[in-house]
Amino acid sequence: MKIIYYILFLALVSTGLSCKKYVEIEDPKDQLATGTVFTTDATATAAMVGIYSDMNASNYQFANVLTSFTCAMAADEFVYASVLANFDEFKNNALTSGNTYVGLMWSSPYNFIYRSNAVIQGVSASNTLTPAVKNQLLGEAKFMRAFCHFYLVNFFGDVPLILNTDVLNNSNKARSPKAEVYAAIIQDLKDAKNLLVAAYPGAGERTRPNKTAATLLLSRVYLYTGNNALAESEASEVIANTTQYSILKNADPNDAAHMTKAFLKNSNEAVWQLQVVNTLGGRNTWEGNTLIPTASPFYRLTKGAYGLETGFEAGDKRFSNWVGSYSTATAPIVTHYYPFKYKVRVGAAGAAVTEYSMVLRFAEAFLIRAEARVGLSRFSDAKDDLNVLRARAGLPALAVAASPAVAMAQVEQERRVELFSEWGHRWFDLKRWKSLSGDPLKSRADDILPLSKPLWKPTAVLFPIPVEAMRTNPNMVQNPGYN
Amino acid sequence: MYYKNTLFASQSLLTYHHTIIQKLRFFMKVNAILLVISFFAVSSLYAVNSSAQSLQEVNVSLGFSKGNLQEAFAKIEQQTDFRFAYKKEVISGIKVPQLEARQRSVKQILDELLQGSGLNYKLLNNSIIIFKAPVPLASVSNYRQEINGVVKDEKGNEMPGVSVKVKGKTIAAITDSKGAFKIHASADDILVFSYIGYSTVERPVQSAKTMNVFLEPQSGTLDAVVVIGYGTTTRRTNTGSVTTVGAKQIANQPVGDPIAALQGRVAGLDISSVTGYPGSAYNVRLRGQNSITGGTAPLYIVDGVPFISESLSQFSGANGSQSPLASINPADIEQIDILKDADATAIYGSRGANGVILITTKKGKSGKPEFTANVYSGISTVSKRVKMLNGAEYLTMRREAYVKDAVTPTEAQAPDLLLWDQNLDQNWQDLLIGNSANLSELQLGLSGGTEQTKYLISGTYRDEKIVLPGDLGFKRGALNMSLNHSSVDQKFQFTSSLKYTLDENNTLQSDVTSFFNLAPNFPIYDPQGNYYWIGNEQNPMAYFERTNVSNTTNIFGNTTLSYQFLAGLTAKVSAGFNRMEMKQTQTLPKLGFNPINYTGSSANYGNAYLNSYIVEPQLNYNVKLGKGSLAALVGGTWQQSLREGQGVTGSGYISDLQLDNIKAATLITPRNYSYTKYRYTSVFGRLTYNWDEKYIINGTFRRDGSSKFGPNNRFGNFGAVGAAWLFSNETYIKENLPFLSFGKLRGSFGTVGNDQIGDYQFLDSWTPTTYPYGGIGGISPSRFPNPDYSWEVNRKLEAGLDLGFFNERLLLTTNFYRNRSDNQLIGSTLSSQSGFTSYQANLPALVENKGWEFELNSINIREKDFSWNTSFNLTLAKTKLLEYPNLKNSANAAKYVIGQPLSIVMGFDFQGINSQTGVPEFRDLNGDKAITDPADLIVIGNTMPKFYGGIQNSFTYKNFSLDFFFQFVKQEGPLLNYGYLSYSNGSALRNKDLSALERWTTPSVPAMIPGASATAGKPIYTAYQNNYRLSNAVWGDASFIRLKNVSLKYNFKDLLKSWKFNNITMYIQGQNLFTITSYDGFDPETKGYSMPPISVYTAGLQVSF
C-alpha cells in the first residue's frame, strides 16, 4: 500500500514542480523573433524589402495605383467611366471621411513609416551587420520614411510626424505643422543621400532606392517648399548622372531607347521602380493591368476644352506613344482615350515580367529644375530643360519666355503632359501653385478645376482625415470643409 | 498463467519505479501512464501477497448449463488446484441452476450453485468439503430463493433493461424484453429497481416468490444526473448553477449543429446564427459579454476533452468560416450541461469565464443487443423574403433620382435606364435563394452488454442541400463507438469512446443573398448567352461558377480508467485526443469573372489540422464525517495542442476543368501559413461537504499555467465557494409547508479567468510577407508586442432559489447573477498612424454583467392516456461598462460609453426629412452646422437582447406525442437599410425595399424616407451615404417570437406487441416554422444581408428491435 501512496504523491508533486517547464513553448515556426532580425545582413534586409513587397502586393493600395488614380481623378486627368461611389467622390471632389480609399491612403503609409522606424532602430543598434549593408538599410529606411511622410502631407496637409516606434504615444499624436513635417523629410532625405550609394543594391535591379532616388525626391521636396536654389542644385546632381540615366528618345520604335520603353523594368529613365510581386495570371504591373482595357476603357482621359485629351500639343509623341484609344463600333462613333504608358495588361503565359511600376522617373529632374529656374528667374535655363523633354516628344523647341507667367505656363504644360497618371503629380501641382488671380488664399486648382467640376470647393484641396483616424485618435482634428 | 503474468508485470513495475525516482523529470512525463498502470498492479499485488489461496481470491471464468453438481465440481477442478470431497448421495438429485459464463471467485460460484440446495461447504487445505447444512430452526434469513417478476411502467407497459439489484450485495439482474427478471435473494434482502428517468423503487423480499413492480417516471428532474466539471451531481444537491438539455430535446430538432439545438432552451445562454448556410458559426454568449474585445465563446468540453471553437478554415466561404462544432454529430449526444456560475466553472480556471458547455455522448446500456434505426427526410426553404420594388417602381425611382440631381444619365452611369430591357422584372431572391432543398438523415445503432461490459456502435449519415440553385450542400458521416467495462465488484471502471466524423461542405465562395437588391432588369446573360457584365458590377449568377468545398475529418477519442483501492478512495485517469483535419478547395474559373478583372483562372487550396491531447489524473475521496458526507477531489491537467495551417494559390492552368488539380497549376503561390502550439497545465481540487442533506458547502480551486501568456505571467489562481441550504429538509418546513416538496437556497462566489486572446500575443516577432521581393523574402512585424500582460479575471457572484411543489410536479429555479470582469485582456485599439490598429494589453476596465434567470418545469396533467408538460425559461440580462480609466482620451473613446453596454452602436440622430429638399437631417450635437463622425454621434442602440427565453409544451395522448417550442427574444438591431451596404434611394443598379415608395418626392409634402438621388456630391446622396444609413432612422426593433420546433410522433408499440420490435415510431418535425416580428429585413436573428435561417420540415421513422 505504501508504494501506491508513494507513486501517487510523486505524481502530484512532480505535476506541481514541472508546471513552469511544461507551459514553455518554442517560438512558432511561422515567425521570427525580433531579437534575431537585426543580427544578420539577410534578415535585416528582409525587414526592409518586406515594405516594398507589401507596397505592391495587392491592388488599390497607397503605393499600388491608388495614389496615381485617385489624384488623377481629383485633378483633371482621367475619370472612371462606370459606377463606383468611392471613385465618384474623388472625381466630384466630394470626398467623405468614410471613403475606403482615403482610409488606405492614410493607414498604409503610416504602417510603412512604423516599419521604417523599426528598421532604423534595429539597424542602428546592431553591431553585427556589415557596415555597407547597415548604411544601405539605414538609407533606405530613412528614404522610405520621408517618402511616406511626403505623400501624407500632400494628401492631408498637417499630419502627425512619426519618427520612432513608440506606438502608444504615436497613436495619440496630434497633427504636426506641415513645415515641421517637411523639415523632417528633408533631414531624412539628406541622411539617405549620404548613406546610399549610386549603385542599386542586390542584383542591381532598380527596385530599391539608391542615392539618386534620394536626391531626386529631395529636389522635389525643395521645390515644393519653395527652396528653388537647392531644388535646382539637387536636380542638377541627378541630371549629371548620365552613366545611369537618360531620356528615352522618339527614334526608331525598335530602338531600345524608344520612349515606349521608358516603363520597361530597369529602363534608363527609371530612378526607382517597384517590382511586381503578385504576377498571378501573367500580370506585370497593376497600372498596366488596370488601365489597359479589354474593350471600352474604364479609365478615360478627361474630355472637352479643359480635358487632358485635348491638352496635348499637336504632334506630341507622348500622345501617340503614351495614350491609347478605343472607338465604339457602332454609330455614333465615340473615341475614348486612356493612359497607355505601361504596355502590358497580361503577359503571355509563362513569359517573364517586362515592366515594373515606376515611382521616380528621371524626366522629373528636368521638370523640377526647369520650375526651380523659373523661380530663380533663369528663364533661358528653364527652357533648355523643358526642351530636353520636348525634343524626345518630337515638339519644336521653346523660345525663352517673355515673362514669369509665360515661363510658368510652359512648365505647367510640360509637367501635365509628361507626368500624367503618375503618382499624383498633376493634383499636387494644382494644389501647390498659386492662383493666377492673385488671391493668396487660392490655388491653381481654384482656377482650373471649377471649369470642369461644378462641385469644386477650395477646401477640397485636402482630403478628409479618415473616419477611423478621427475615432481612434482623440487629438485628431478634421480638415476644413469636412465638418 | 494469469497469475504469472500479473506477478511479472508488477515486479517489473517496481524495478522500473526505482529508476524513475532517480529521474524525476522523466518521471513527470510518464507519470500519468504510470498512475494507470499502478492501479492495475494494485489488484494483483493483493492476490500475490496473500499467503494461502482462499476461495474468495481464486477467480475462474466459468459458465454452467443446467445439470448436476458433479459435473460442475469437475469443471472447477479443471481450472483450479481445489479438490472436492463429498458423499455421492448428498449431492445426487440436486439440480444446478444455469449460470452465465463470466469471471467469478470460486466462493461466488459455490454460493450460487448451492443456493437453495440445502448444502454447505468448507475449505480444508486445498479440499472443499461439501456437506448437508443443518436446517436452522429460527430463521430462514440466509436461505436464498429465486424470485421472479415483471417490471412495468406507469402505463402498464413492460420495461426491458431495468436494473434489479440486491441491496448491499453484488447480486444483480436485468429485465428482459418482456420486462421479466429472475434473481436470487434471501428473505431479509431488499430488491432495488432502477431505470434512467424513473424513480428508484425498493422492495423487501420477505416471503414473496413473485414480485410485480411498477416504476413511476421521475416527476421532476431533481435526481437526474447533472454533469459538472470532473464529476456528476444531481439538481437536488448541486450548489452551482447548471442547466441540462437532454437527448430527447436534441433529437426532436432536425439540426446539423449541436449548438443550434440549444437555441432558446437555456436560461442565460444567448445563441444567434450568423447565416443560414450549413456549417456556419453561431454567436454564443453565456451570461452576456464579459470581455471587451477578447473571446466571448464558452469553453466546450466533449466527454472531458476540450473542443476547439475557433475555425480551422484557411479562407472563408459563403458560410463564413467553417464551425468546428459542426463536426459534432447531434445524434451522438446524450446530454449537454451548461455551467454558469463561479461554483460550477471555477474548476475550469482560466478558461471558465465565459461559462462551460459540457457535451456528454451516448454510451451503451446493458441488456440484450438492441438495434436502432432512425431515418428522416424533408425539405428546407428560406424562412422569409424581403418585399422589393418591382421593375417599374425601381425604374421610376431611378429616373426621379437623376431629375432631382439635375443630371442627365449616361449609358455608363445608368445602363438600367438606357441599355437594358425596361420590362424585365426579376426577383433576385427567387433566383438566388428561392429553391427548396432536400434534407435527409439516417442513423443506425447497436448497443447492449452486460452489467459489466456495455457497448454502443452507431453511425449517422446526413445529407443537407442548400436553397441555392445547383447541387450544393453539406454531407456528414459520423461513427461513434463506445465501450464501458467494470469489474464485478465495481471497483475497476473503464470507459472509452471513439468518434470519427467526416463532413463535406460544398458551398459558394461568398453569400449571394447580398445581391437581393440588384436592379430587377439587370440582364443575367448577353445576347450570345454568355454572362452579362457591366463596369465593376458582379453578375451574381456567375458566382455559381466558383466553387468552395471544405472537407473536415475529426477523430476524437477519450478513455477513463478508475479504481477504487480503498473504501471511498478512487483514483482515476482520463485521457483524450482530438485530431481534426480540414482540406479546402476553392476554384475561380474564367466564367466567374468580370472580364475586366479577369487575369487568369486560379484556385486556392487550404490544409489545416489540429492535434490535441489531454491527460487528467484525479483522486476522489468520499467519507462519512459526522452527520454528513465529505467528497474531495484533487487532480491535474496536461494539455497540448498544435495547429498548423497553410493555404496556396494555384494559377496558370491549361484548362478550367483542371482547377481542382493542384498539379495542373503552373504557378503555386503560398498564401498563408500559421503554426500555433499551446500548452496548458494545472492542478485543481474540490471539497464538498453535505451535512444531513440540509447544508452543503462546496469549495473549488485551480491553479493554471498557459503558454498563451507572457513568460512573466504564465500562472494564475482561481477558485470559488458555493453553498446550498436544502430548507425543505428542515422539519419545521416539512410540517408547515407540505405542498413544498423541495426548497433550496444557494449562492456562490469566485474568480474565473478568460484566456481567449490568441496564442503568441506576447511575442515580439516578425512574419514573412505574402510575396518575396527581388528574390528576397520579406518580413513584417507581427504585432506590437506586450510581454507582460496577465489574466483577465471574472468575479462571479450568484444567488439562486430552487423550489419544487406538489411532489416536484412544479419546479422553479431562479438565479440572480452578477459577474464583474476586470483586468481586461483586450486588443486595445490604436490609431493606424502608430503603424498598428490594435495591440494586446491588460486594461483596468471593469465590465459588469448581471441578470435574472428563471426556469420552470411543470407537469400540468398526468393521466394514464394524457399528459401535458411545460417548461419555460426567461433571462433578463444587462451588460454595463463600469470603469474605463481615461476612456475619453483612449482609442476606444468613440466606441464605448461608461455606464452603457459594450454592445452599443453609435450613430447619427435622425431628425426627419427636410420637406423642401428631401435631404435627411440629423442632430448637430456640437452646433458646428455640420454632421460629422464622431462629434455628432449618439448611442443609437445596443445589440444585446433585453430579455429572451423559450417555452416548450409537450403533450402525450395514448401513443401520440406532440412537442412544440417557441423562442422569444426582445432586442433591437440594424434594420434592412442600415449599414454600408445600403445605398441612397435611386443609386445605380440598387433596388430598394417597399419603404422606398414612401420617399420624399414633392417639396412641402412631408416624408420620412429620403428622396431619390444617384449622384455623389448631391445633398441627398451625401446625407444618405454619410449619415442616414448609420443613423437611428434605420435602427429599430428586432424582437421576435419564433415557433422554433414542432415534433409530432406516433408510437406503434401497441400494434406490434407480438412482433419483435421494441419500438416503432413515426414522426414529423419542423424547425424555424414561423416568426412573429415587426423586423423589416430578412431575419431579426441574422440581420443584415446574409442568408436568413432556413425553415426545415421533415418526416421520419424510428425503429428498434
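What counts, and where the lines are drawn
- Residues numbered from 1 in each chain as written.
- Chains lettered and ligands numbered in written order.
- Predicted model: local features only at pLDDT ≥ 70, side-chain atom pairs only at ≥ 80, totals over all residues.
- Heavy atoms only, no water.
- Helix = DSSP H or I, 4+ residues; strand = E, 2+ residues; numbered from the N terminus.
- Rg over C-alpha atoms; globule rule 2.2 N^0.38 Å.
- Buried < 20%, exposed > 50% of the residue type's maximum accessible area, 1.4 Å probe, protein only.
- Contact = heavy atoms within 4.5 Å.
- Areas by Shrake-Rupley, 256 points an atom, 1.4 Å probe, with all protein chains shown as cover.
- Lys, Arg positive; Asp, Glu negative; His and termini not counted.
- Charge placed at Lys NZ, Arg CZ, Asp CG, Glu CD.
- Phe/Tyr/Trp six-rings, centres within 6.5 Å; stacked < 30°, edge-to-face > 60°.
- Lys NZ or Arg CZ within 6 Å of the ring centre and 35° of its normal.
- Salt bridge = Lys/Arg side-chain N within 4 Å of Asp/Glu carboxyl O.
- Polar contact = N/O pair within 3.5 Å; in protein donor to acceptor, adjacent residues only side chain to side chain.
- Buried area = accessible area lost by both parts, 1.4 Å probe.
- Pairing = 2+ DSSP bridges.
- Axes fitted to C-alpha atoms, helices over the stretch in contact; angles between N-to-C directions.
- Core = buried A, V, L, I, M, F, W, Y, C linked by side-chain atoms within 4.5 Å.
- Parallel < 35°, antiparallel > 145°, perpendicular 65-115°, else oblique.
- Nonpolar A, V, L, I, M, F, W, Y, C, P; charged D, E, K, R; others polar.

*Asks:* How should I be thinking about the overall build of chain B in this particular structure?
*Replies:* A count of helical and extended segments in chain B gives 12 helices and 55 strands. The C-alpha radius of gyration computed for chain B amounts to 34 Å, which stays within 12% of the reference 32 Å derived for 1105 residues, consistent with globular compactness. Looking at the 1105 residues of chain B, the share that counts as buried comes to 56%. Partitioning the intrachain contacts of chain B with sequence separation of at least 6 by distance along the chain shows that 70% fall at a separation of at least 24. Summed over its atoms, the accessible surface of chain B is roughly 45,300 Å², and 57% of this surface lies on carbon and sulfur atoms. Put simply, chain B has 101 plus and 88 minus side-chain charges, and the middle of one group is 7 Å from the middle of the other.

*Asks:* Would you take a moment to explain the packing of aromatic side chains for this structure?
*Replies:* The description of two aromatic rings rests on the distance between their centres and on the angle between their planes. Residues and elements named next belong to chain B. Across all of its chains, the model carries 84 aromatic pairs over all chains by this definition. Geometrically, the ring pair formed by F872 and F968 is stacked, given 6.2 Å between the ring centres and 25° between the ring planes. Here F872, found in strand β44 (residues 866-883), pairs with F968, found in strand β50 (residues 960-970); they are 96 residues apart in sequence, far enough to count as distant. Both rings, one in F964 and one in F966, keep their centres 6.0 Å apart while their planes meet at 85°; by these two values the pair is edge-to-face. Classification of F964 by relative accessible area gives partly exposed; the value is 21%. Classification of F966 by relative accessible area gives partly exposed; the value is 23%. Cation over ring: R546 sits above F593, and NZ or CZ is 4.5 Å from the ring centre.

*Asks:* Explain the pattern of salt bridges to me, please; I cannot follow it from the model alone.
*Replies:* Pairing is possible between side chains of opposite charge, provided their charged atoms come close. Residue and element names in this part refer to chain A. For the structure on display, the rule yields 69 salt bridges over all chains. Of the charged contacts, one joins R318 and E414 as a salt bridge, the two residues approaching to 2.9 Å between their closest N and O atoms. Taken together, the residues span a long stretch of sequence, with R318 in helix α14 (residues 317-322) and E414 in helix α17 (residues 404-419) at a distance of 96 residues. Because the salt bridges share partners, they merge into one network encompassing E269, E313, D316, R318, K341, R361, R390, R392, E414, E418 and E422.

*Asks:* Help me understand the side chain of D341(B) in this model?
*Replies:* All names here are of chain B. Considering the arrangement of structural elements, one finds D341 in the loop between β22 (333-339) and α7 (342-345). For the buried D341, no salt bridge is present, and the opposite-charge side chain at shortest range is R746, 5.2 Å distant. Here the side chain of D341 touches A344 through a polar contact of 3.1 Å, landing on its backbone nitrogen. Dropping the residues within four chain positions of it, D341 is found in contact with T239, G240, S241, R287, S748, K796 and E798.

*Asks:* Help me understand the interface of chain B and chain A in this model?
*Replies:* Quite often, the size of an interface is put as the accessible area lost when its parts meet. Listed by partner, the interface residues are 99 residues for chain B and 94 residues for chain A. For the pair chain B and chain A, the two sides together bury roughly 8,200 Å², of which 65% comes from carbon and sulfur. Broken down residue by residue, the surface that chain B buries against chain A is led by W766(B), Y773(B) and Q833(B), which jointly contribute 12%. Taken together, chain B and chain A are joined by 0 salt bridges. Here chain B is connected to chain A by 16 residue pairs in polar contact (both at pLDDT 80 or more). The sheet contact formed by strand β1 (residues 32-33) of chain A and strand β37 (residues 765-768) of chain B spans 2 bridges and is antiparallel. Along β37(B), the bridge assignment pairs L32(A) with W766(B).

*Asks:* Quick question: what am I supposed to make of the sheet that holds strand β17 (residues 242-246) of chain B here?
*Replies:* The strands that make up a sheet pair up through hydrogen bonds in the backbone, lying either parallel or antiparallel. All names here are of chain B. Taken in spatial order, the 5 strands of this open sheet run β17-β22-β23-β20-β21, and their pairing is mixed. The sheet is open, and its two edges are formed by β17 and β21 (305-307), each paired on a single side. Across the sheet, the axes of successive neighbouring strands diverge by a mean angle of 25°, strand direction being ignored. As paired elements, β17 and β22 share 5 bridges and run antiparallel to each other. Within β22, the residue paired with G246 across the bridge is Q335.

*Asks:* Sorry, what's going on with the nonpolar core here?
*Replies:* What tends to happen in soluble globular proteins is that the nonpolar side chains get buried as a cluster. M55(A), F143(A), F147(A), W272(A), Y299(A) and F463(A) are the most contacted members of the largest nonpolar core, which has 150 residues in total. When residues in this core are grouped by element, the largest group, 14 residues, is from helix α8 (residues 131-156) of chain A. With sequence-adjacent residues up to four places away left out, F147(A) is seen in contact with M55(A), F62(A), L217(A), W272(A), V359(A) and W423(A). Listed in part, the 52 residues of the second largest apolar core include I433(B), L468(B), A996(B) and Y1067(B).

*Asks:* I tried to follow the side chain of T676(B) on my own but got confused; where do I start?
*Replies:* All names here are of chain B. Topologically, T676 is positioned in strand β33 (residues 667-691). T676 gets classed as buried once you look at its relative accessible area, which sits at 18%. Discounting residues that sit within four places of it in the chain, T676 has contacts with S641, L642, R643, D759 and Y760.

*Asks:* What exactly am I supposed to notice about the packing of helix α11 (residues 211-224) of chain A against helix α18 (residues 425-432) of chain A here?
*Replies:* Residue and element names in this part refer to chain A. Contact geometry of α11 with α18 gives a least axis separation of 11 Å together with a crossing angle of 30°. Comparing their axes, α18 and α11 come out roughly parallel. Packed against α11, whose contacting residues are R220, L223 and Y224, the element α18 presents H425, F428, D429 and R432 at the interface. Of the residues that constitute the contact of α11 with α18, the class distribution is 3 nonpolar, 1 polar and 3 charged.

*Asks:* Teacher, can you tell me more about the pairing of strand β27 (residues 473-486) of chain B here?
*Replies:* Where a strand is regular, its side chains alternate between the two sheet faces. Residues and elements named next belong to chain B. Judged from the 13 bridges that link them, strand β26 (residues 453-465) and β27 form a sheet pairing that is antiparallel. Counterpart to K465 in the pairing with β27 is G473. Pairing analysis gives 14 bridges linking β27 to strand β28 (residues 492-507), with the strands arranged antiparallel. Counterpart to N484 in the pairing with β28 is T495. Between β27 and β28, which pair antiparallel one after the other, the connecting turn spans 5 residues, and Q490 there sits at a positive phi close to 65°.

*Asks:* When you look at the environment of L301(A) in this model, what are you seeing that I'm missing?
*Replies:* Residues and elements named next belong to chain A. Looking at the secondary structure, you find L301 in strand β4 (residues 299-301). For L301, a relative accessible area of 1% puts it in the buried group. Here the alpha-carbon distance between L301 and S325, two residues 24 residues apart in the chain, equals 9.7 Å. Once residues lying within four places of it in the same chain are set aside, the contact partners of L301 are E77, F78, L308, E309, F312, V323, Y337, Y338 and P339.

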